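Geometric and topological summary
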Amino acid sequence: QVQLVESGGGLVQAGGSLRLSCAASVRTFSSYSMTWYRQAPGKQREFVAIITSGGSTNYADSVKGRFTISRDNAKNTVYLQMNSLKPEDTAVYSCAATGWGNQYWGQGTQVTVSS
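Quick word on the overall build of the chain
- A tally of regular secondary structure across the chain gives 0 helices and 11 strands.
- Ordered by position from the N terminus, the helices and strands of the chain form the series β-β-β-β-β-β-β-β-β-β-β.
- For the chain, the C-alpha radius of gyration of 13 Å lies close to 13 Å, the compact-globule estimate for 115 residues.
- Across its three principal directions, the C-alpha atoms of the chain cover 40 × 25 × 20 Å.
- Within the chain, buried positions represent 45% of all 115 residues.
- Within the chain, counting contacts between residues at least 6 apart in sequence, those at least 24 apart form 53% of the total.
- Total accessible area on the chain stands at roughly 6000 Å², and carbon and sulfur atoms take up 46% of it.

Written out as structure tokens, the structure is:
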């Protein structure tokens with residue numbers, strides 16, 4: 001069983017920055033692909049960014065150039081650096097760990113961007 005705990009959310013003005021963290025309680029963290037998703041009120045959950053076990057990354061078009069996903073395998077943590085935030089980035093951000101035929105989810109952290 002993998003437990004994921006997100007942190008770093010909050011209220012920020014448009015144009016500001018936040019860094020989200022997702023800490024995983026698993027010894028084989030480096031073997032998991034880690035993904036950030038978000039869900040805004042009244043909308044479906046959407047993909048934000050992914051980093052594979054090999055370090056490859058991919059982003060949703062809506063965040064490309066503004067968000068950066070990274071991982072620190074020594075700390076069992078994945079990060080999402082969010083810059084130039086927009087009100088439309090307001091959502092609950094969740095991380096997911098995928099590997100060994102399973103997928104695990106964190107509880108999410110709220111990000112609110114005011115205009």
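Structure's up, so let's keep going.
A word on the pairing of strand E7 (residues 67-72)
- Of the two faces of E7, only the one carrying Phe67, Ile69 and Arg71 is buried; Thr68, Ser70 and Asp72 on the other face are not.
- Bridge count for E7 against strand E8 (residues 77-82) is 6 bridges, and the pairing is antiparallel. Residue pairing in the sheet places isoleucine 69 in a bridge with leucine 80 of E8.
- Adjacent in sequence and paired antiparallel, E7 and E8 are bridged by 4 residues, among which asparagine 76 carries a positive phi angle near 50 degrees.

Structural notes on the pairing of E8
- For E8, a buried count of 5 out of 6 residues is recorded, marking the element as mostly surrounded by other parts of the structure.
- Here strand E3 (residues 18-24) runs beside E8; their pairing, made up of 6 bridges, is antiparallel. Residue arginine 19 lies in a different strand from E8, and its bridge partner there is glutamine 81.

Re the nonpolar core
- Counting residues in hydrophobic clusters, the biggest one holds 32 residues, and the most contacted among them are Leu4, Met34, Trp36, Leu80, Met82 and Tyr93.
- Sorting the residues of this core by element identifies E3, strand E4 (33-39), strand E5 (46-51), E7, E8, strand E9 (91-99) and strand E11 (109-114) as the ones contributing at least two each.

Describing the sheet that holds E7
- Taken in spatial order, the 4 strands make up an open sheet running E1-E3-E8-E7, and their pairing is antiparallel. Looking at strand neighbours, the two that pair on one side only are strand E1 (4-7) and E7, the edges of this open sheet. With strand direction ignored, the average angle separating the axes of adjacent strands in the sheet is 15 degrees.

Cut-offs applied
Residues numbered from 1 in each chain as written. Predicted model: local features only at pLDDT ≥ 70, side-chain atom pairs only at ≥ 80, totals over all residues. Heavy atoms only, no water. Helix = DSSP H or I, 4+ residues; strand = E, 2+ residues; numbered from the N terminus. Rg over C-alpha atoms; globule rule 2.2 N^0.38 Å. Buried < 20%, exposed > 50% of the residue type's maximum accessible area, 1.4 Å probe, protein only. Contact = heavy atoms within 4.5 Å. Areas by Shrake-Rupley, 256 points an atom, 1.4 Å probe, with all protein chains shown as cover. Pairing = 2+ DSSP bridges. Core = buried A, V, L, I, M, F, W, Y, C linked by side-chain atoms within 4.5 Å. Axes fitted to C-alpha atoms, helices over the stretch in contact; angles between N-to-C directions.

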